[in-house]
Amino acid sequence: MKPRNTLVLLGVAIALAGFIFGLDRCSQNTRDRRERAAHVVEINRTDVEGLTIQNGSGLIKIRAESDAWKMVAPRQDDADAGVIDQLLDAVQNLRPEDVIAELGKGDKKRQMLKDFGLHKSKLRLKLEGKRMPPELQFGQDSAVQGRSYVRLADDDAVYVVADDLKNIISKTPDDFRDHRMTPFLTTLINRAIFQVSGGEIELAKEQDNWQLVRPIKARASNDAVVDILTKMNQTQIAKFVADIKGNLGSYGLDSPADVLTLYGGDGRKFEIEIGGALPSNPQSVYAGLPERNTVVEVSKGFASLFNITPNDLRDRKIARLNSDLIDRITIENAGQPKIVLAREESRWHFLSPVNAPANANNINRLIEEIDDDEVTEFVSDTAIDLPKYGLDQPKLKITFSSYSSENTAESNAGEVVLSTLEFGNSEKEITYARLQEEPYIF
């Protein structure tokens with residue numbers, strides 16, 4: 001091929017490539033414009049650092065703090081994350097159903113904005129953060145029900161949109177406040193102190209299990225504790241009444257009937273005080289939330305959760321045995337030879353009184369039944385009167401242990417007792433018993 005022809009073909013190829021590139025760019029820009037036209041504004045909600053709502057003379061300011069939202073005006077308080085999520089969803093889904101692009105100039109433009117209710121709009125929303133759109137200004141309702149006019153500040157276009165966003169930002173400041181009675185997820189609470197009419201009940205979480213710390217030291221029922229804390233978390237504030245100041249006696253909060261102090265995993269504490277019943281509604285009571293500096297109304301059912309005793313929260317299971325840790329079981333029955341059972345992997349065998357294989361199914365069932373069976377009644381919170389219950393010389397004693405044949409970083413070789421269950425006198429179809437590592441008798 002002649003050099004001249006080669007150069008001509010090369011020029012044609014370059015021109016064609018340039019045309020295709022320009023066409024693609026044009027097509028891409030058209031797609032971008034169409035995408036933008038499908039929404040009034042485009043935001044990345046993770047970039048939103050705060051928002052301001054101007055509603056007439058009222059002002060609501062909310063700021064992002066870590067993983068939470070805080071109201072900073074017209075008062076300092078926790079904001080309702082659910083309402084903020086709804087607001088941001090509505091912003092992202094704000095679609096123009098019609099666009100009035102020709103507003104004219106000068107007086108004509110001003111008059112048209114007045115007709116749309118957008119000249120000095122009384123209802124406005126400003127998002128704060130990186131790459132946020134101009135202020136959204138809301139006007140009058142359009143001729144179509146459920147639709148109204150909206151404009152971006154200083155934009156020459158007016159949009160007709162659904163009222164979803166407008167309805168949210170038209171809410172009162174109290175609607176934007178957090179209506180939960182506690183700020184903690186149930187799973188993040190690790191300590192709770194109830195000051196009730198019967199005294200003080202303190203609970204603490206150790207690993208995954210709840211323990212009674214006061215007025216007695218005992219295992220607490222995980223189900224009972226989680227149930228009461230979950231019900232408290234699910235209770236919503238019915239109404240915000242006043243800031244905590246002045247005469248709290250009118251709310252029965254100068255000497256609260258009951259007080260709950262909760263502690264979260266991050267060390268924060270939160271207090272709830274129960275006051276008097278509402279004169280106008282006996283089914284509701286006043287409650288004080290000192291950390292939020294507010295008095296609220298809450299259902300009487302919430303106050304009834306404080307009607308508890310230590311025994312209501314105690315674990316009624318006989319023991320908490322972890323079968324994975326048990327390698328030795330020793331059974332001492334009065335007047336009979338001592339039985340010692342040992343586990344090697346999943347197989348059990350007798351060490352005493354004979355050396356022989358043991359029935360693993362029956363041994364596992366023994367562990368399961370002790371784990372599952374419940375106490376009929378707690379008869380003493382101290383183990384000082386053992387002869388009265390025949391527990392000074394138990395009729396039957398079962399010791400559960402772990403065993404290691406060699407030293408490890410965690411423990412020395414040998415047997416470590418995990419739990420010892422003792423049985424005493426039996427009468428009228430009941431038997432008295434205790435765990436050696438716990439002080440009470442049941």
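Residues numbered from 1 in each chain as written. Predicted model: local features only at pLDDT ≥ 70, side-chain atom pairs only at ≥ 80, totals over all residues. Heavy atoms only, no water.

Caption draft 1: Summary view of a negative patch on the surface. Together, Glu368, Glu369, Asp372 and Asp373 make up a negatively charged patch on the protein surface. For aspartate 373, the position within the fold is in the loop between α8 (360-372) and β23 (396-404). For aspartate 373, a relative accessible area of 44% corresponds to the partly exposed category. (Patch = residues over 30% accessible without salt bridge, like charges linked within 9 Å, V, L, I, M, F, W, Y side chains within 5 Å. Areas by Shrake-Rupley, 256 points an atom, 1.4 Å probe, with all protein chains shown as cover. Salt bridge = Lys/Arg side-chain N within 4 Å of Asp/Glu carboxyl O. Lys, Arg positive; Asp, Glu negative; His and termini not counted. Charge placed at Lys NZ, Arg CZ, Asp CG, Glu CD. Helix = DSSP H or I, 4+ residues; strand = E, 2+ residues; numbered from the N terminus. Buried < 20%, exposed > 50% of the residue type's maximum accessible area, 1.4 Å probe, protein only.)

Caption draft 2: Broad picture of unusual backbone geometry. Omega for the peptide link from alanine 73 to proline 74 comes to 10°, which places this bond in the cis form. You can see proline 74 is positioned in the loop between β3 (68-73) and β4 (77-78). A cis geometry characterises the amide bond from arginine 214 onward to proline 215, with omega recorded as 0°. Along the chain, proline 215 falls in the loop between β12 (209-214) and β13 (218-219).

Caption draft 3: Quick look at the environment of glutamine 211. Locating glutamine 211 in the fold gives a position in strand β12. Look at glutamine 211 and you get buried, because its relative accessible area is 18%. Once the C-alpha coordinates of glutamine 211 and serine 221 are considered, the two residues, 10 residues apart in sequence, prove to be 7.9 Å apart. Leave out the neighbours within four places in its chain, and glutamine 211 touches Glu202, Leu203, Ala204, Glu206, Ala218, Arg219, Ala220 and Arg320. (Contact = heavy atoms within 4.5 Å.)

Caption draft 4: The pairing of strand β7 (residues 136-141), seen in detail. As paired elements, strand β6 (residues 123-129) and β7 share 3 bridges and run antiparallel to each other. The residue bridging leucine 125 from the neighbouring strand is leucine 136, located in β7. A loop of 6 residues connects β6 with β7, the two strands running antiparallel in sequence, and arginine 131 in this loop sits at a positive phi of about 55°. Relative to strand β8 (residues 147-152), β7 runs antiparallel, the two being bridged by 4 bridges. Pairing of glutamine 137 across the sheet is with arginine 151, part of β8. Counting the residues that bridge the hairpin from β7 to β8 gives 5 residues, and of these glycine 146 lies at a positive phi of roughly 80°. (Pairing = 2+ DSSP bridges.)

Caption draft 5: Quick look at the nonpolar core. Residues Met181, Phe194, Phe302 and Ile329 are the most contacted members of the largest nonpolar core, which totals 56 residues. Not counting residues within four places of it along the chain, the set of residues in contact with phenylalanine 302 comprises Met181, Met232, Thr235, Ile272 and Ile274. Val91, Leu94, Leu125 and Ile169 belong to the second-largest nonpolar core, a separate cluster that totals 33 residues. (Core = buried A, V, L, I, M, F, W, Y, C linked by side-chain atoms within 4.5 Å.)

Caption draft 6: View of the sheet that holds strand β16 (residues 269-278). Strands sit in the order β13-β12-β11-β10-β15-β16-β17-β18-β14 across an open sheet of 9 strands; the sheet is antiparallel. Either end of the sheet is taken by a strand with one partner, and the two such strands are β13 and β14 (239-243). Pairing of strand β10 (residues 189-196) with strand β15 (residues 258-264) involves 6 bridges; the strand directions are antiparallel. Residue pairing for β15: glutamine 195 is matched across the bridge by valine 259. Across the sheet, helix α5 (residues 222-234) is in contact with β10, β11 (199-206), β12 and β15; its angle to β12 comes to roughly 90°. (Axes fitted to C-alpha atoms, helices over the stretch in contact; angles between N-to-C directions.)

Caption draft 7: Highlighting the environment of valine 225. Its place among the elements puts valine 225 in helix α5. The buried category is assigned to valine 225, whose relative accessible area is 1%. The spacing of valine 225 and leucine 203 is 22 residues in sequence and 8.6 Å in space, taken between C-alpha atoms. Leaving out residues up to four positions away in the same chain, valine 225 has contacts with Leu203, Trp210 and Ala220.

Caption draft 8: Geometry of the packing of aromatic side chains. This structure, assessed with the given rule, holds 6 aromatic pairs. With centroids separated by 4.5 Å and ring planes inclined at 50°, the aromatic side chains of phenylalanine 116 and tyrosine 149 adopt a geometry described as tilted. Remark: tyrosine 149 occurs in strand β8 and phenylalanine 116 occurs in the loop between α3 (106-115) and β6; sequence separation between them is 33 residues. When sorted by exposure, phenylalanine 116 lands in the same class as tyrosine 149, which is buried. Considering the side-chain rings of tyrosine 251 and tyrosine 286, the 4.9 Å spacing of their centres and the 70° angle between planes classify their relative orientation as edge-to-face. Pair noted here: tyrosine 251 is in the loop between β14 and β15 and tyrosine 286 is in strand β17 (residues 281-289), with a separation of 35 residues, a long-range link. Per residue, the accessibility class of tyrosine 251 equals that of tyrosine 286, and both read buried. Three or more aromatic residues link up through ring pairs in this structure, and these residues are Phe194, Phe302 and Phe306. (Phe/Tyr/Trp six-rings, centres within 6.5 Å; stacked < 30°, edge-to-face > 60°.)

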